[in-house]
Structure formats: C-alpha cells, structure tokens
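Structural description and commentary
Each chain, letter by letter, is given below.
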Amino acid sequence: MKHLLCISLIVLLSGCYTSKNNNPEVMADLASQLKDIATAVDGTLKFSETPYSSSDELLKAAVNNDLSKLTPFNEYTFIVDVQDDNAVLLLCDADTALIEDAGCTAQSDIQHWKSGAVQQCKITINAQQLCN
C-alpha cells in the first residue's frame, strides 16, 4: 500500500511538471528578449565603425557592456553567427535549438521549441536570403 501511494504521487507530480522549454510564457519572454538583442547586434554590426574580432566582442558592444541583459540566457547555449553584414542569434538548451532570430527582421523568426521535433543546435537561417 505504501509503495502504491508513492508511485501514485510520483505519477501525479510528473503529470503537473512543465519543462521551462515547453512553457509558452517563458519561451515567449525569451523570444522577445532574444529579438531585441539580435536587433542590437545586427545594428552594431552594420553601423559601428569598430571592427570586432569575435562574436563575443560584438555581443558585448551591442548590449553596451551591460551583461545583465544576457542574464536570462545564462542557463542556455547562446550563439551569435555573423553572416556578412547580418547577425543571427540562436538560443539552445544543451544541443536542442529553441529560438533562432535574424536581427534584420522585426519578428522573432523561428520558434524551434514549438515544432514538436528536436532540432539540433545549429544555425538554419540564411540571413542573405532573409534580410535582402
């Protein structure tokens, strides 16, 4: 009887659990913040006269060295991909792509987390096609 009660409790609790990566509110908030940062990175890349030797330097310049703007992404893998004069940002959980955004567009571009299929943590956006 004791084991049956424990098993029932575990089943009930696991049924109530929602991963942060499946929580629409959490993911919408992250997508919005990622979109803002992608726009800043893209603008910095296009309009700054400073040459950036790494994507980390570019990202820091885009957030004006205010790393607190990146705090919501601390639990995730954060990739900045420079494609000529365009920037694409990708947010992943371990090796699973969650959100991908080109800084040249007004909306959040790809919500991988909604697809139902696990998407590998790799850039899929071709900024040259999307931004021109």
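Residues numbered from 1 in each chain as written. Predicted model: local features only at pLDDT ≥ 70, side-chain atom pairs only at ≥ 80, totals over all residues. Heavy atoms only, no water.

1. Remarks on the overall build of the protein
Counted only if it meets this: The helix count covers DSSP runs of H or I at least four residues long, the strand count covers runs of E at least two residues long, and both are numbered beginning at the N terminus. When checking whether two residues touch, look at their non-hydrogen atoms; a contact exists if any pair is within 4.5 Å.
Summing up its helical and strand segments, the protein has four helices and four strands in all. Listing the helices and strands of the protein from first to last along the sequence gives α-α-α-β-β-β-β-α. Considering only intrachain contacts with a sequence separation of at least 6, the fraction spanning at least 24 residues in the protein is 51%.

2. Focus: the packing of helix α2 (residues 24-47) against helix α3 (residues 55-62)
Keep this limit in mind: Only the contacting stretch of a helix is used when fitting its axis, a line to C-alpha atoms as for every element, and angles between N-to-C directions run 0 to 180 degrees. Relative orientations are named as follows: roughly parallel for angles under 35 degrees, roughly antiparallel for angles over 145 degrees, roughly perpendicular for angles from 65 to 115 degrees, and oblique for any other angle. Amino acids outside the nonpolar list (Ala, Val, Leu, Ile, Met, Phe, Trp, Tyr, Cys, Pro) and the charged list (Asp, Glu, Lys, Arg) are all regarded as polar, and Gly is one of them.
Put simply, α2 and α3 touch, their axes get as near as 8 Å, and they point 105 degrees apart. Classed by the angle they form, the pair α2 and α3 counts as roughly perpendicular. On the side of α2, the interface is formed by Ile37, Ala40, Val41, Thr44 and Leu45, while α3 contributes Leu58, Leu59, Ala61 and Ala62. Residue composition of the contact of α2 with α3, grouped by class: eight nonpolar, one polar and no charged.

3. As for the nonpolar core
For clarity, the threshold we go by: Definition of nonpolar core: a set of buried residues of the types Ala, Val, Leu, Ile, Met, Phe, Trp, Tyr and Cys, connected through side-chain atoms within 4.5 Å. To sort residues, take the accessible area from a 1.4 Å probe on protein chains only and compare it with the maximum for the residue type: under 20% means buried, over 50% means exposed, and anything in between is partly exposed.
Among the nonpolar cores identified, the biggest contains 21 residues, and Leu30, Ile37, Val41, Leu89, Leu91 and Ile99 are the most heavily contacted of them. By residue number, the principal contributor to this core is α2, which donates seven residues.

4. A few points about the pairing of strand β3 (residues 96-102)
Each regular strand shows side chains that alternate between the opposite faces of the sheet. Here is the rule we go by: Pairing between two strands is assigned when DSSP locates at least 2 bridges connecting them.
Within β3, six of the seven residues are buried, which leaves the element mostly enclosed by the surrounding structure. Inspection of the sheet shows strand β2 (residues 86-93) paired to β3 by six bridges, in the antiparallel sense. Paired with Cys92 across the strands is Ala97, a residue of β3. Here β2 folds back onto β3, and the loop between the two strands holds two residues, one of which, Ala94, carries a positive phi near 60 degrees. Sheet topology places β3 next to strand β4 (residues 110-111); two bridges connect them, and they run antiparallel. Note on β4: the bridge partner recorded for Ile99 is Gln111.

5. Re the sheet that holds β2
Strands belonging to one sheet form pairs held by backbone hydrogen bonds; the direction of such a pair is parallel or antiparallel. Strands sit in the order β1-β2-β3-β4 across an open sheet of four strands; the sheet is antiparallel. If you trace the sheet from one side to the other, it starts and ends with β1 (77-83) and β4, each paired once. Strands β1, β2, β3 and β4 of the sheet are contacted by α2, whose axis makes an angle of about 150 degrees with β2.

6. Some details on unusual backbone geometry
Even without being a glycine, Asp84 presents a positive backbone phi close to 55 degrees. Relative to the helices and strands, Asp84 resides in the loop between β1 and β2. Residue classification places Asp84 among the exposed residues on the basis of a relative accessible area of 63%.

7. Considerations on the side chain of Glu100
Cut-off, in case you're wondering: What qualifies as a polar contact is a pair of N or O atoms within 3.5 Å, subject to a donor-acceptor requirement within protein and to the restriction that residues adjacent in sequence count only when both atoms come from side chains.
The topology assignment puts Glu100 in strand β3. A polar atom in the side chain of Glu100 sits 2.6 Å from the backbone nitrogen of Thr124. Excluding residues within four positions of it along the chain, Glu100 makes contact with Val88, Leu89, Leu90, Asp109, Ile110, His112, Lys122, Ile123, Thr124 and Ile125.

8. Looking at the state of the cysteines
Formally: Cysteine sulfur atoms that come within 2.5 Å of each other are treated as a disulfide pair.
With the rule as written, the count across this model stands at two disulfides. Here Cys92 is linked by a disulfide to Cys121, with a sulfur-sulfur distance of 2.0 Å. Negative torsions about the S-S bond denote left-handed disulfides, and the value of about 90 degrees found for Cys92 with Cys121 makes this one right-handed. One end of the pair, Cys92, is in strand β2; the other, Cys121, is in the loop between β4 and α4 (127-131), and 29 residues separate them in sequence. Judged on exposure class, the residue Cys92 and its partner Cys121 are both buried. At a sulfur-sulfur separation of 1.9 Å, the disulfide partner of Cys104 is Cys131. Of note, the bridge from Cys104 to Cys131 carries an S-S torsion of about -75 degrees and is left-handed in sense. Note that Cys104 is positioned in the loop between β3 and β4 and Cys131 in helix α4, a separation of 27 residues in sequence.

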